[in-house]
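Okay, here's what each chain looks like letter by letter:
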Amino acid sequence: MNELILMPLLGFIIGLALLLMMRRIAAKLQRRVGPPLLQPLYDVIKTFGKETQISHGVIHDWGIILAVGGYIAAE
């Protein structure tokens, strides 16, 4: 049960660390100061905090359900 929580959390943390490393290397190559240590986490929080105003209609909402239903019916 611990792996169910630990592995996605570990993957998220490693992904943020690699993103930070990539951005710092790019900044050094361009002779700039890199982002602060927690910048990738701030970006994730900012992105999830935004609300979109774009609506693609009912087909967009039900599209994946219809696709999976068609796949199941074809089997």
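Note: the structure precedes this text.
I will try to describe carefully the structure that is included in this document. The model shown is predicted, which means the values in this text are computed figures rather than measured ones. (Residues numbered from 1 in each chain as written. Predicted model: local features only at pLDDT ≥ 70, side-chain atom pairs only at ≥ 80, totals over all residues. Heavy atoms only, no water.)

**Let's talk about the overall build of the chain**
Here is step 1 of the chain: Tallying secondary structure elements over the chain gives three helices and zero strands in all.
Here is step 2 of the chain: Listing each helix as α and each strand as β along the chain from the N terminus yields α-α-α.
Here is step 3 of the chain: Counting every position in the chain, which comprises 75 residues, the buried fraction comes to 8%. (Helix = DSSP H or I, 4+ residues; strand = E, 2+ residues; numbered from the N terminus. Buried < 20%, exposed > 50% of the residue type's maximum accessible area, 1.4 Å probe, protein only.)

**As for helix α1 (residues 2-29)**
Here is step 1 of the chain: Taking 1.5 Å as the rise per residue, α1 with 28 residues should run 40 Å; its terminal C-alpha atoms sit 40 Å apart, in good agreement.
Here is step 2 of the chain: Of the positions making up α1, those classed as buried are Leu-16, Leu-20 and Ala-27.
Here is step 3 of the chain: Lining the buried residues of α1 we find α2 (39-49).
Here is step 4 of the chain: Positioned one or two residues after α1, Arg-31 has a phi angle of 55°, which is positive. (Expected span 1.5 Å × (residues − 1). Contact = heavy atoms within 4.5 Å.)

**Points about the pattern of salt bridges**
Here is step 1 of the chain: Overall, the coordinates contain one salt bridge when judged by the stated rule.
Here is step 2 of the chain: Of the charged contacts, one joins Asp-43 and Arg-23 as a salt bridge, the two residues approaching to 2.7 Å between their closest N and O atoms. In this pair, Asp-43 sits in helix α2 while Arg-23 sits in helix α1, placing the two residues 20 residues apart along the sequence. (Salt bridge = Lys/Arg side-chain N within 4 Å of Asp/Glu carboxyl O.)

**Description of the environment of Gly-69**
Here is step 1 of the chain: Structurally, the position occupied by Gly-69 is in helix α3 (residues 58-74).
Here is step 2 of the chain: Expressed as a C-alpha distance, the spacing of Gly-69 and Arg-32, which sit 37 residues apart in the sequence, is 51 Å.

**Describing α3**
Here is step 1 of the chain: Between its first and last C-alpha atoms α3 spans 23 Å; for 17 residues at 1.5 Å apiece the expected length is 24 Å, and the two agree.
Here is step 2 of the chain: Along α3, the largest kink reaches about 40° and is centred on Ile-64.
Here is step 3 of the chain: Burial runs low along α3: only zero of the 17 residues are buried. (Bend = angle between axes of the 7 residues up to and from the residue.)

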